[in-house]
Amino acid sequence: MKKISKLVSCALAFAMVLSLAACGGNSDQKSTTAAPAETEAVTTAAQAENDTKAPAETEAGTTAAAADTDGKTFKIGIIQLTEHPALDASYEGFVEGLKASGLEEGVNIEIDYQNAQNEIANCDTIAEKLINDGCDLILAIATPAAQAVAGKTTTIPILVTAVTDPADAGLVESNEAPGGNVSGTSDLTPVKEQIRLLQQILPDAKKIAIMYCSSEDNSIFQANMAKAECEAAKLEYDEVTVSDSNQIQQVVESIIGKYDAIYIPTDNLLAEGMATVTQVANVNGLPCIVGEEGMVENGGLATYGIDYFEIGRMAGEQAADILLNGTDIATIPIGYLAAEDCSLSVNTTAAKDLGIELPEDLLKDANVYE
């Protein structure tokens, strides 16, 4: 896929979401503090110990001078639920946030990266390993990974990212004042604006399939938001759920001809299996409006989505604040991206396969995949 970089500000994107969540701003980190909830994905078992190779780190940005840690090397454990572009970008952003704050692997930090390959049992195994290894701080990427490690220690600082609503997921006392050993950044997505986008591209759509993994807390939360938005937009809808990757193709095949479009939130199972979804849906004229940009790259028609690299970078800066300045994690609010960090993405190949002519005013302001 070829990405044509052209970001668009989507100030309206969060305007509707913010009606559901009052957020306080932090212009230095382009973040806000308090919003609805989301939790992510399923987890892993057998490959955890062998899967220590992290995604390629970004080369963007400038590495700050190494911070003076009086000769101490901090050990940071990372548990990532699964591999797909959004979660990989969160990891890369985290590393960049550390570098920008003076913490660099091989200089004053040691990173133990583990990927659970979307198995809950692996999440538990990895969490125990990182805790037993005496990590100074743990980053958990996606809700099931965060829940696994947060349930095993109350003393090691745990930062989370790619979790929609840590409070709703039971990870913190509140998003404004976490109160324990967990904080981090949210990937709350503008569901209302995504439903509006669906109507803009597909003005004749009447009935929508809201598709998600039934075991992902974040997906259930977003599905409820999507149902409310469909009702407000006078769209009919049904919930269509899967519980594992083996069901995806069969479920998509079963809804062909019954709906005018599929809406998929930032669901980890379906993000990983997006190629399977679109392989069936696109050739059968069933467009997919999705929750994040990586899903568009893999065949989804369009989204307004947040920048996962940026929420990872914010978490990296939080980590540096804890490790270098001794800031109490209990006092660090959950970070949210500001509206200007939201962008429109479209897939012109998917549009062609679906026989849809995308409005020119959308294309001129979009990240285009073809």
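Whatever comes next refers back to the structure up there.
In this numbering scheme, every chain counts its residues from 1 along its sequence in written order. Owing to the predicted nature of the model, reporting of local features is limited to residues with pLDDT of at least 70; listing and counting of side-chain atom pairs is limited to 80 or more, with chain, interface and lining totals taken over all residues. To get the side-chain values, all heavy atoms of the structure are used, and hydrogens and water are removed first.

1. Topic: the pattern of salt bridges
Charged atoms that come close allow side chains of opposite charge to pair.
And step 1. What makes a salt bridge here is a side-chain nitrogen of Lys or Arg within 4 Å of a carboxyl oxygen of Asp or Glu, nothing more. According to the stated counting rule, one finds 11 salt bridges in the structure shown.
And step 2. Salt-bridge contacts for Lys72 lead to Asp136; the nearest nitrogen and oxygen are separated by 3.7 Å. Of this pair, Lys72 sits in the loop between strand 3 (31-32) and strand 4 (74-80) while Asp136 is found in the loop between helix 3 (120-132) and strand 6 (137-141), placing the two residues 64 residues apart along the sequence.
And step 3. For Lys72, a relative accessible area of 38% gives the class partly exposed.
And step 4. Only protein chains enter the accessibility calculation, which uses a 1.4 Å probe; a residue is then buried when its area is under 20% of its type maximum, exposed when over 50%, and partly exposed in between. When its relative accessible area of 24% is taken as the criterion, Asp136 is described as partly exposed.
And step 5. In this structure, the salt-bridge partner of Glu239 is Lys227, at a minimum N-O distance of 3.1 Å. Placement of Glu239 in strand 10 (residues 236-242) and of Lys227 in helix 6 (residues 217-232) is noted, with a sequence separation of 12 residues between them.
And step 6. Overall, the relative accessible area of 38% leaves Glu239 in the partly exposed class.
And step 7. Within the structure, one salt-bridge network assembled from shared partners comprises Asp112, Lys129 and Asp133. In this text, helices come from DSSP runs of H or I with a minimum length of four residues, and strands from runs of E with a minimum of two, each type numbered from the N-terminal end.

2. A few points about unusual backbone geometry
And step 1. The residue Gln117 is not glycine, and still its phi comes out positive at about 50°.
And step 2. Of note, Gln117 is situated in the loop between strand 5 (109-115) and helix 3.
And step 3. Phi at Lys234 is positive, roughly 60°, even though this residue is not glycine.
And step 4. Relative to the helices and strands, Lys234 resides in the loop between helix 6 and strand 10.
And step 5. Lys234 gets classed as exposed once you look at its relative accessible area, which sits at 73%.

3. A closer look at the packing of helix 3 against helix 4 (residues 143-150)
And step 1. Each axis is a line fitted through C-alpha atoms, and for a helix only the stretch in contact is used; angles between axes span 0 to 180 degrees, taken between their N-to-C directions. Where helix 3 contacts helix 4, the axes come no closer than 8 Å and their chain directions differ by 50°. Looking at the two axes, helix 3 sits oblique to helix 4. As for how helix 3 packs across helix 4, the hand of that crossing is right-handed. On the side of helix 3, the interface is formed by Cys123, Asp124, Ala127 and Ile131, while helix 4 contributes Pro144, Ala145, Ala148 and Val149.
And step 2. Looking at the contact of helix 3 with helix 4, its residues break down into seven nonpolar, no polar and one charged. For classification purposes, angles smaller than 35 degrees are called roughly parallel, those larger than 145 roughly antiparallel, those between 65 and 115 roughly perpendicular, and all remaining angles oblique. Handedness of each helix crossing follows the sense of rotation of the near helix against the far helix: counterclockwise by less than a right angle gives left-handed, clockwise gives right-handed. Contacts were defined at the residue level, with two residues in contact if any of their heavy atoms lie within 4.5 Å. In this classification, the charged set is Asp, Glu, Lys and Arg, the nonpolar set is Ala, Val, Leu, Ile, Met, Phe, Trp, Tyr, Cys and Pro, and all remaining amino acids, among them Gly, are polar.

4. Some points on the side chain of Gln80
And step 1. Mapped onto the secondary structure, Gln80 falls in strand 4.
And step 2. Among the polar contacts listed, one links the side chain of Gln80 to the side chain of Asp88, at a separation of 2.8 Å.
And step 3. Any pair of N or O atoms that falls within 3.5 Å is considered a polar contact. Within protein, one atom must be able to donate a hydrogen and the other to accept it, and sequence-neighbouring residues count only if both atoms are side-chain atoms. One polar contact links Gln80 to Tyr113, side chain to side chain, over a distance of 3.1 Å.

5. Overview of the sheet that holds strand 8 (residues 182-186)
Picture the strands of a sheet paired through backbone hydrogen bonds; they go either parallel or antiparallel.
And step 1. Two strands pair if DSSP finds at least two bridges between them. Taken in spatial order, the five strands of this open sheet run 5-4-6-7-8, and their pairing is parallel. Sheet topology places strand 5 and strand 8 at the edges, where each strand pairs with a single neighbour. Direction aside, neighbouring strands of the sheet carry axes that sit 20° apart on average.
And step 2. For strand 4 and strand 6, the ladder comprises five bridges, and the chain directions are parallel. Bridge assignment links Ile78 to a residue of strand 6, and that residue is Leu139.
And step 3. Each of strand 4, strand 6, strand 7 (158-163) and strand 8 touches helix 4; the most contacted strand, strand 7, lies at about 160° to it.
And step 4. This element, helix 11 (residues 308-325), spans strand 4, strand 6, strand 7 and strand 8 of the sheet and lies at about 170° to strand 7.

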